[in-house]
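Results of the structural survey
The lines below spell out each chain.
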Amino acid sequence: DTSFEKLIKERGADYYVSVEKESQDSKYIKSNFDTSTFSLENGVDWQTLDISYIEQLINYGLSQLNISLTSINFNTLKKQNRNYTIEKFENFINSIEKYNIPIIVYFISGLLEDNKKNILNTILYLTTKKVIIGISTFYPVPNTYIVKKIKEDLIPELCKSSSFYKWGNINTKTLITFFIL
């Protein structure tokens, strides 16, 4: 099975229909507006992308890929239910580089159990790749499993990515410093 076929089995027919519709929409747009381009935004989970599908989207005008990494630390990935390894991520990045489109890789700073060393190591790792580094500050999303671990009230103003609030072990000043880097 290809990785795409595995995703269909894991996620069901709805995922397949969604991908097929997206592909048909992209094809329609390209055939009617041949100079148009589009990008996949907001840190797409790279594990859901099949290389042949990406190639097809590039042919239809995909001009930029934004993907999420979370962290390079295995324990952090495991705690966040991100079931992949850095080796798999590297294989994915290497297979996309040949298409010569910008790749923005987002990671999350300030996760509840994360630390400064992990964030810095993630930044340093990404500087060795042909990617644009994107940083997302952790913020709790209501009604998610991680909110149960937070002992304080969720004030809406603090539950947005621009708050840089200290939800875990890293203070606001340090989170902003990493963002500036």
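The structure contained in this document is the topic of the report that follows. Being a predicted model, the structure only gives us computed values, none of them experimental. Numbers given to residues run from 1 along each chain, matching the order in which its sequence is written. The predicted origin of the model limits local features to residues at a pLDDT of at least 70 and limits the giving and counting of side-chain atom pairs to 80 or more, whereas totals for whole chains, interfaces and linings rest on all residues. The side-chain figures draw on all heavy atoms in the structure; neither hydrogens nor water molecules are used.

Secondary structure elements follow DSSP: runs of H or I no shorter than four residues count as helices, runs of E no shorter than two count as strands, and numbering proceeds from the N terminus. Mapped onto the elements, N118 comes out in helix α6 (residues 116-127). The buried label goes to any residue with under 20% of its type's maximum accessible area, the exposed label to any with over 50%, and the partly exposed label to all in between, with areas taken from a 1.4 Å probe on protein chains only. We classify N118 as buried; its relative accessible area is 10%.

Okay, the pattern of salt bridges next. The term salt bridge refers to a side-chain nitrogen of Lys or Arg lying within 4 Å of a carboxyl oxygen of Asp or Glu. Evaluated as defined, the whole model comprises one salt bridge. Taking the shortest distance from any N to any O, the salt bridge between E90 and K129 comes out at 3.6 Å. Of this pair, E90 sits in helix α5 (residues 86-97) while K129 sits in the loop between α6 and β4 (132-137), and the two are 39 residues apart along the sequence.

Moving on: the sheet that holds strand β1 (residues 38-45). Paired strands, in this sense, are two strands between which DSSP finds at least two bridges. An order of β1-β2-β3-β4 is seen for the four strands of this open sheet, with the pairing classed as parallel. Two strands close off the open sheet at either side, each with one partner strand: β1 and β4. For this sheet, the mean inter-axis angle between neighbouring strands, taken without regard to orientation, is 20 degrees. Where β1 and strand β2 (residues 62-70) come together, five bridges link them in parallel fashion. Working convention: axes come from line fits to C-alpha atoms, limited for helices to the stretch in contact. Angles between N-to-C directions cover 0 to 180 degrees.

The next thing to look at is the packing of aromatic side chains. Stacked, edge-to-face and tilted are the three classes for Phe, Tyr and Trp ring pairs, Trp counted by its six-membered ring, which pair at centre distances within 6.5 Å; planes under 30 degrees apart are stacked, over 60 edge-to-face, the rest tilted. Under the defined criterion, the tally for this structure stands at three aromatic pairs. Here W46 and Y84 contribute two aromatic rings whose centre-to-centre distance is 4.9 Å and whose plane-to-plane angle is 70 degrees, an arrangement assigned as edge-to-face. One end of the pair, W46, is in the loop between β1 and α3 (51-59); the other, Y84, is in the loop between α4 (74-79) and α5, with 38 residues separating them in the sequence. Aromatic pair W46 and F92: ring centres 5.6 Å apart, planes at 35 degrees, arrangement tilted. You can see W46 sitting in the loop between β1 and α3 and its partner F92 sitting in helix α5, a full 46 residues away along the chain. The burial state of W46 is the same as that of F92; both residues are buried. Taken together through their ring pairs, the aromatic side chains of W46, Y84, F89 and F92 make up a single cluster.

Right, let's talk about α6 for a bit. Each turn of an α-helix holds 3.6 residues, which means side chains three or four residues apart point in the same direction. One fewer than the residue count of a helix, multiplied by 1.5 Å, yields its expected span. For α6, which comprises twelve residues, the first-to-last C-alpha distance of 17 Å matches the rise-based estimate of 16 Å (1.5 Å per residue) to within 8%. Residues of α6 that are buried: N118, I119, T122, I123, Y125 and L126. Here the buried residues of α6 occupy an arc of 165 degrees about the axis, which is enough to place them on one side. Here, residues are in contact when the closest pair of their heavy atoms is within 4.5 Å. Packed against the buried residues of α6 are β2, α4, α5, β3 (103-109), β4 and α7 (172-180). Any pair of N or O atoms that falls within 3.5 Å is considered a polar contact. Within protein, one atom must be able to donate a hydrogen and the other to accept it, and sequence-neighbouring residues count only if both atoms are side-chain atoms. Here α6 starts with a cap whose side-chain oxygen sits 3.1 Å from the backbone nitrogen of K117, and that cap is N115. When we speak of the arc, we mean the arc of directions from the helix axis to the C-beta atoms.

Turning our eyes to something else, we now look at α7. Listed in full, the buried residues belonging to α7 are T174, L175 and F178. Within α7, the buried residues cover an arc of 100 degrees as seen down the axis, which keeps them to one side. Away from its buried face, by an angle of more than 90 degrees, α7 presents the exposed residues K173 and I180.

By nonpolar core is meant a set of buried Ala, Val, Leu, Ile, Met, Phe, Trp, Tyr and Cys residues that side-chain atoms within 4.5 Å join together. Counting residues in each nonpolar core, the largest one holds 33 residues, and the members touching the most others are I54, L65, I67, F89, F92, V105 and L126. When residues in this core are grouped by element, the largest group, five residues, is from α5. Dropping the residues within four chain positions of it, I67 is found in contact with G43, V44, W46, L49, F89, F92, I93, I103, I104, V105 and Y106.

The next thing to look at is the pairing of β3. Judged by how many residues are buried, β3 sits mostly within the fold: five of seven residues are covered. With five bridges joining them, β2 and β3 adopt parallel strand pairing. In the strand pairing of β3, S68 is matched with Y106. Note on the crossover from β3 through α6 to β4: the handedness is right-handed. With the strands pointing away from the viewer, any crossover whose connection runs clockwise from the first strand over the helix to the second is right-handed.

Functional significance is not addressed by these values, which are geometric in nature.
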